[in-house]
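# Observations on the model geometry
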Amino acid sequence: MDRISDLPRDILQRILYFVSQKEAVRTSVLSKSWRYTWRTRPNLDFSEATFKGKKQEFLSFVDNTLQQYRDQRLCLDEFHLRISLDDYLKHKSVSLLEKWIPILTTMGVKESRLSICTVDHNDMPSVVFQAESLQQLHVEGFDMDRDAIPTIILSKHLKKLRLQRVYIEGKIFRKIFSSCPLIETMHVEESWGLRNIKANNLRRLKDFSFEGNDEEDEPCSIEIYPASLETIKVSFGNISFDKGAEFRNLIDLDLCDVESSLVRLFSCEFPSLRRLTLSDCDGVNEESSLDHSLIDAPNILYFEYRGNFIPSISFVTISREWKSKIDLYECSLSLLKLDELLKSLSQSEISLMIDNTDIIQENIPVQDNGYNKPVLVESLNLNCGCGLSSFSSILNDVFCICRPRNIGYCNDDYEGSLMQFVGFMWRILIERESDHLSQSVFRDLEEASMKIKEWDEEEWHRAPLSEFLINHGRREGHFTPKCQSRFSLKWRETA
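A short tour of the structure in this document, coming up. Everything numeric in this text was worked out from a predicted model, so none of it was measured. (Residues numbered from 1 in each chain as written. Predicted model: local features only at pLDDT ≥ 70, side-chain atom pairs only at ≥ 80, totals over all residues. Heavy atoms only, no water.)

### Re the overall build of the chain
Put simply, the test is: Secondary structure counts use DSSP, requiring at least four H or I residues in a row for a helix and at least two E residues in a row for a strand, with both numbered from the N terminus. Exposed residues in this analysis have more than 50% of their type's maximum accessible area, buried residues have under 20%, and partly exposed residues fall in between, with area computed by a 1.4 Å probe over protein chains only. Pairs of residues are marked as contacts when any of their non-hydrogen atoms sit within 4.5 Å. Accessibility throughout is a Shrake-Rupley quantity obtained with a 1.4 Å probe, and a residue counts as covered only by protein chains that appear here.
Across its full length, the chain carries ten helices and 27 strands. Classification of the 495 residues of the chain by burial places 49% in the buried group. The long-range share in the chain, meaning contacts at least 24 apart out of those at least 6 apart in sequence, stands at 57%. If you sum the accessible surface of the chain, you get close to 24800 Å²; carbon and sulfur atoms cover 46% of it.

Quick look at the structure:
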């Protein structure tokens, strides 16, 4: 017995609220009570992609449905539309947008979401910002100049704005800010024309991301300090921080290819910060005027650094279980500076990667009665681009400052180099050829074994060299080996 069909119409409409427009239409064949229910549901969700290239059919379907709702004076709470303006029907699409948006206003729509895109960098239809109910807007590929933005922006309820591959002038950007104070999420991706972004007046902004266009002559300058911020992600842009600022709600800070100085970052307070990522940021450089950069993040859970120099960074934290990942590449590696960094992060679970680096020959203090004790590292990944004698020398130097639980190879996709790496490690660690590692390392190393696992497996298992040789070939359709490999080490506890 079909009990669902006997439910009141408002309940049936509520059920349809949670399915796509296409799925809602399909319910018309279930029974007589379902036949026209989809035509009166309180939310409409139209996507051009579901019509698989039949643009005229899509436009007619949206137009007829809206007209039907209007003629029958049906209640419409939400309206979602995803449409492109590229093909031969571009002008008709714009004309219909100019018709539909005022209709939404007269129907009293509470929330509308609009995603429009083009590949030809057409002017954005000015009617877009006249939708009073607009809460989410995604614009891709358009020119947003003065002619594209109306004198008066009516979209004062806008909460989420995503600009992707657009050209937009700074004045227009500031106008959107001043007219849409409720914005909570803002994403700007690979866009042109912006020289600076100041979003300090957006008191409700929680999520901000900026991905600059590397074709621009100079990166965009960003000033953004709302206390409401929870996430900041900036790539190929220059962000500045107020000295001593408190980001009380910031949870995730991700900076990549930031050239401007980040000295003020280390004077800020981050009481809620959980994740910090600094990747290829020249602003955190070894020539900083600060001898040591202290980050006030008592609740940090994850820190990641990637760069071609060793930063001087430590944390003020009460976290007992947190992780740090350090990726050093193509640099002259100072073991003294690396030792300092590892010691400052020693309360975390450290993953260290050293890729294509030249180690500077320095006098490393020898462990003495517990002092200068090597730091325990969860994983160490190395790039082996040298002979056995040079590689063993690198291992000796690195083992002076850290004791890794696991050692792997940086580049699993290079089959020949991986074989060379495994061969070196097997001879040095498993067969313990005495002339390759110092006696102090051998004294502290209690046990070494090789482990492998398939890519779809979770658990590592101990394996002889012969098993690795059988499984080291490439996966079908991939550039990576059939299995992952690493060497697990057990160290003697030292005082």
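Picking up where we left off.
### With respect to the sheet that holds strand 13 (residues 237-240)
Under the convention used in this document: Paired strands are those between which DSSP finds at least two bridges. Angles here are taken between N-to-C directions and fall from 0 to 180 degrees, while the axes themselves are lines fitted to C-alpha atoms, restricted in helices to the stretch in contact.
Within the open sheet, the three strands sit side by side as 9-11-13. Their pairing is parallel. Where the open sheet ends on each side, the last strands, each with one partner, are strand 9 (196-198) and strand 13. Strand-to-strand twist of the sheet, defined as the mean angle between neighbouring strand axes without regard to direction, takes the value 20°. Of the pairings in the sheet, the one linking strand 9 to strand 11 (residues 220-223) comprises three bridges and is parallel in character. By the bridge assignment, Asn196 is partnered in strand 11 with Ser221.

### A closer look at helix 5 (residues 170-179)
Turning to helix 5, its buried residues number three or more, namely Gly170, Ile172, Phe173, Ile176, Phe177 and Ser179. Of the surrounding elements, those touching the buried residues of helix 5 are strand 5 (143-144), strand 6 (160-164), strand 7 (167-168), strand 8 (185-189) and strand 9.

### Overview of the packing of aromatic side chains
Filter applied, for reference: Pairing of aromatic side chains requires ring centres within 6.5 Å, counting the rings of Phe and Tyr and the six-membered ring of Trp. Pairs whose planes differ by under 30 degrees are stacked, by over 60 edge-to-face, and all others tilted. Look at NZ for Lys and CZ for Arg. If either is within 6 Å of the ring centre and within 35 degrees of the ring normal, a charge sits over the ring.
Considering all chains together, one arrives at twelve aromatic pairs under this definition. Taking the centre distance of 5.3 Å and the plane angle of 65° together, the rings of Phe51 and Phe58 count as edge-to-face. Across the pair, Phe58 and Phe51 agree in class, each one buried. Their ring planes at 15° and their centres at 5.6 Å tell us that Phe247 and Phe270 sit as a pair that is stacked. You can see Phe247 sitting in the loop between strand 13 and strand 14 (252-256) and its partner Phe270 sitting in the loop between strand 14 and strand 15 (275-279), a full 23 residues away along the chain. Residue Phe247 is classed as buried on the basis of its relative accessible area, which comes to 3%. For Phe270, a relative accessible area of 1% puts it in the buried group. One aromatic cluster is present, built from ring pairs that chain together Phe46, Phe51, Phe58, Phe61 and Phe79. The positively charged end of Arg306 is found above the aromatic ring belonging to Tyr329, 4.2 Å away from the centroid.

### Notes on the packing of helix 3 (residues 55-71) against helix 4 (residues 90-106)
Cut-off, in case you're wondering: Each angle gets one of four labels, with under 35 degrees taken as roughly parallel, over 145 as roughly antiparallel, 65 to 115 as roughly perpendicular, and the rest as oblique. Left-handed describes a crossing whose near helix is turned anticlockwise from the far helix through less than a right angle; right-handed describes the clockwise counterpart. Gly is placed with the polar residues, together with every amino acid not listed as nonpolar (Ala, Val, Leu, Ile, Met, Phe, Trp, Tyr, Cys and Pro) or charged (Asp, Glu, Lys and Arg).
Between helix 3 and helix 4, the shortest axis-to-axis distance is 11 Å and the interhelical angle comes to 20°. In terms of axis orientation, helix 3 runs roughly parallel to helix 4. Relative to helix 4, the crossing made by helix 3 is left-handed. Of helix 4, the residues touching helix 3 (which contributes Lys55, Gln56, Leu59, Val62, Asp63, Leu66, Gln67 and Arg70) are Lys92, Ser93, Leu96, Lys99, Trp100, Ile103 and Leu104. Of the residues contributing to the contact of helix 3 with helix 4, the split by class is seven nonpolar, three polar and five charged.

### Quick notes on the side chain of Ser348
Residue position: Ser348 is located in the loop between helix 6 (335-344) and strand 21 (349-355). Among residues more than four places away in sequence, those in contact with Ser348 are Trp322, Lys323 and Ser324.

### Details of the side chain of Ser209
Mapped onto the fold, Ser209 is located in strand 10 (residues 207-211). Among the residues examined, Ser209 registers a relative accessible area of 14% and is labelled buried.

### Remarks on the pattern of salt bridges
Going by this rule: What counts as a salt bridge is simple: a side-chain nitrogen of Lys or Arg found within 4 Å of a carboxyl oxygen of Asp or Glu.
One pass over the structure, following the stated rule, counts 16 salt bridges. Put simply, Asp327 and Arg306 hold a salt bridge, and the shortest N to O gap is 3.4 Å. Here Arg306 lies in strand 17 (residues 302-307) and Asp327 lies in strand 19 (residues 323-329), a separation of 21 residues in the sequence. On the accessibility criterion, Arg306 (30% relative accessible area) is partly exposed. A salt bridge links Arg462 to Glu447; the shortest N-O distance between them is 2.7 Å. Remark: Glu447 occurs in strand 25 (residues 445-454) and Arg462 occurs in strand 26 (residues 461-462); sequence separation between them is 15 residues. Look at Arg462 and you get exposed, because its relative accessible area is 52%. By sharing partners, the salt bridges in this structure join Arg403, Arg443, Asp444 and Arg492 into a single network.

### Points about the environment of Phe303
By secondary structure assignment, the location of Phe303 is in strand 17. Judged by its relative accessible area of 0%, Phe303 is buried. Note: C-alpha distance between Phe303 and Trp322 (19 residues apart in sequence) is 8.2 Å. Filtering out sequence-adjacent residues up to four positions away, Phe303 remains in contact with Leu276, Leu278, Ile313, Phe315, Trp322, Lys323, Ser324, Lys325, Ile326 and Leu345.

### Topic: the state of the cysteines
A covalent bond between the sulfur atoms of two cysteines is what we call a disulfide. For the record, the criterion: When the sulfur atoms of two cysteines come within 2.5 Å, that pair is taken as a disulfide.
Within this structure, the stated rule accounts for zero disulfides. Unpaired in this structure, Cys281 has its nearest cysteine sulfur neighbour in Cys256, at a distance of 6.5 Å. Cysteine Cys400 is unpaired, with the sulfur of Cys402 as its nearest cysteine sulfur at 9.5 Å.

### Looking at the nonpolar core
Selection rule: For the purposes of this section, nonpolar cores are sets of buried Ala, Val, Leu, Ile, Met, Phe, Trp, Tyr and Cys residues that join through side-chain atoms within 4.5 Å.
Phe208 and Leu429 are the most contacted members of the largest nonpolar core, which totals 140 residues. Ignoring sequence-local partners within four residues, the contact set of Phe208 consists of Met186, Ile197, Ile222, Ile224, Leu229, Thr231, Ile232, Lys233 and Val234.

### Some remarks on the environment of Asn200
For the record, the criterion: For the purposes of these results, a polar contact is taken to be a pair of N or O atoms within 3.5 Å, where, inside protein, one atom must be able to donate a hydrogen and its partner to accept one; residues adjacent in sequence count only when each atom of the pair is a side-chain atom.
With respect to the secondary-structure elements, Asn200 resides in the loop between strand 9 and strand 10. Overall, the relative accessible area of 23% leaves Asn200 in the partly exposed class. Excluding residues within four positions of it along the chain, Asn200 makes contact with Glu223, Ile224, Tyr225 and Pro226. Here Tyr225 takes part through its backbone nitrogen, which lies 2.9 Å from a polar atom of the side chain of Asn200.

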